[in-house]
Amino acid sequence: MTVLVTGGAGYIGSHTVAELLARGDDTVVIVDSLQTGHKKAVLGGKLYECDLRDTEAMRRVFRENDIDAVVHFAANSLVGESMTDPAKYYDNNVYGTLCLLERMNEAGVKRIVFSSTAATYGDPERVPITEGDRTDPLNTYGETKLAMERMMRWFDVAHGIKYVSLRYFNAAGAHEKGLIGEDHRPETHLVPLVLQVALGQREFIGIYGDDYPTHDGTCIRDYIHVMDLADAHVLAVEKLRSGGESGVFNLGNGRGFTVREVVETARKVTGHDIPARVVPRRAGDPAALVASSERAKAELGWQPKRASLEAIIESAWKWHQANPRGYGDE
Ligand code: UDP
């Protein structure tokens, strides 16, 4: 069978492609505009460099391949940028997803696994967060991901396209073999930034506020290994292929760490000082985000295998040491 992975040259997409290739059960087709993805991150499969909004190019992808399931990552995902350029996010994320669903519908493809986010919840009413909790995004990025989820629901009602939406908490880490990892441009995420300080590429890590209502005043997040996320996508494809119903699932370890704890763990893992300075809060950051992933465990049979923060940071460190300039200039 053939899986189409959109955004398969991006961070989580490329790790999922690697996992699909390693399992070897499927032919893997990748669509990526390479606007933010990296060609070198695609370890195999058939890559089409095209945009989801390009109707003819996407029709060709569905015509040339016998696709029975789609794993949809292609999207812009920078929270800050989404606040200054919302049109870009509605256009690429929401309209891009509409185009994809239309092409799927034309081609009779009835299964989609979707890359969603904890940002759909906004400031949570409680932690750990369960899937039935209120969704009230604080930024355009989360808003567009929620709109995409809802769009899928109505395509299911109208056309029977079944979806699994995976709401990730904080993805981090890298593939065990050290061939692929995290390389965002610009980099805004805590773990790679901290490791860039360890590598001497940055002077210090700025901690965004230490007056949150948490035990050390810094924000709490639930860090989840990117390969555990990759596993969940493969399980979600299997669930849909075996006739599973549509659904939304959180993916996290169920354990929160403060920014200071992440920096401290990175110091231990790397053996570097990693100077840190408190800087002003970043707009739109909830104090604590921790997942309840009980539903994913019960219904997808998912179990995170690299749950410790040390293991997550170690794998990221291996990649950053071996690839201090990420994927380079390409
Ligand atoms: N953070 C920080 N300094 C940075 C980048 C991030 O203190 O340079 C904090 C941020 O406020 C959040 C946590 O680290 O509490 C994780 O942020 P990241 O951007 O990695 O992921 P997000 O939680 O936004 O998905």
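Above this text is the structure in question.
Residues numbered from 1 in each chain as written. Predicted model: local features only at pLDDT ≥ 70, side-chain atom pairs only at ≥ 80, totals over all residues. Heavy atoms only, no water.

Asker: So what's going on with the side chain of K145? Residues and values would help.
Answerer: Within the element layout of this structure, K145 appears in helix α5 (residues 140-159). With no salt bridge to any partner, buried K145 finds its closest opposite charge in E149, at an N-O distance of 8.7 Å. (Helix = DSSP H or I, 4+ residues; strand = E, 2+ residues; numbered from the N terminus. Buried < 20%, exposed > 50% of the residue type's maximum accessible area, 1.4 Å probe, protein only. Lys, Arg positive; Asp, Glu negative; His and termini not counted. Salt bridge = Lys/Arg side-chain N within 4 Å of Asp/Glu carboxyl O.)

Asker: Go over the site of the ligand with me, naming the residues and quoting the values.
Answerer: Every one of the 15 residues lining the ligand counts as a neighbour, but L190, G206, R221, R282 and D285 are closest to it. Contact between the ligand and Y208: an oxygen atom at 2.9 Å from a main-chain N or O atom of the residue. One of the side-chain N or O atoms of D285 is found 2.6 Å from an oxygen atom in the ligand. Protein burial of the ligand: of its 510 Å² of free accessible surface, 88% is covered by the chains. Secondary-structure elements contributing two or more residues to the shell around the ligand are α6 (190-198) and β8 (205-208). (Near = heavy atom within 4 Å. Polar contact = N/O pair within 3.5 Å; in protein donor to acceptor, adjacent residues only side chain to side chain. Areas by Shrake-Rupley, 256 points an atom, 1.4 Å probe, with all protein chains shown as cover.)

Asker: Hey, could you go over the side chain of T258 for me, with residue numbers and the actual values?
Answerer: Considering the arrangement of structural elements, one finds T258 in strand β12 (residues 257-258). Among the polar contacts made by the side chain of T258, one reaches the side chain of D216 at a distance of 2.7 Å. Not counting residues up to four positions away in its chain, the partners in contact with T258 are H215, D216, T218, C219 and I220. (Contact = heavy atoms within 4.5 Å.)

Asker: If you had to explain the packing of aromatic side chains to someone new, which residues and values would you point to?
Answerer: As enumerated under the stated definition, the model contains two aromatic pairs in all. Judged by centre distance (5.0 Å) and plane angle (50°), the rings of W319 and Y327 are tilted. Its relative accessible area of 1% is what places W319 among the buried residues. (Phe/Tyr/Trp six-rings, centres within 6.5 Å; stacked < 30°, edge-to-face > 60°.)

Asker: Break down unusual backbone geometry for me, with residues and values.
Answerer: Geometrically, the link from V127 to P128 is a cis peptide bond, its omega value of -10° lying close to zero. Residue position: P128 is located in the loop between β5 (111-117) and α5. Cis rather than trans, the peptide bond between R185 and P186 has omega equal to 0°. Residue placement: P186 occurs in the loop between β7 (170-172) and α6. Its identity as a non-glycine residue notwithstanding, L34 has a phi of 60°, on the positive side. Mapped onto the secondary structure, L34 falls in the loop between β2 (27-31) and β3 (46-48). Even without being a glycine, I274 presents a positive backbone phi close to 55°. Structurally, the position occupied by I274 is in the loop between α8 (259-270) and β13 (276-279).

Asker: Quick rundown of the sheet that holds strand β14 (residues 288-289)? Include the residues and the values.
Answerer: Strand order in this open sheet of three strands is β12-β9-β14, and the pairing throughout is mixed. In this open sheet, the two edge strands, each paired with only one partner strand, are β12 and β14. Inspection of the sheet shows strand β9 (residues 220-221) paired to β14 by two bridges, in the parallel sense. Its bridge partner lying in β14, I220 is registered against A288. (Pairing = 2+ DSSP bridges.)

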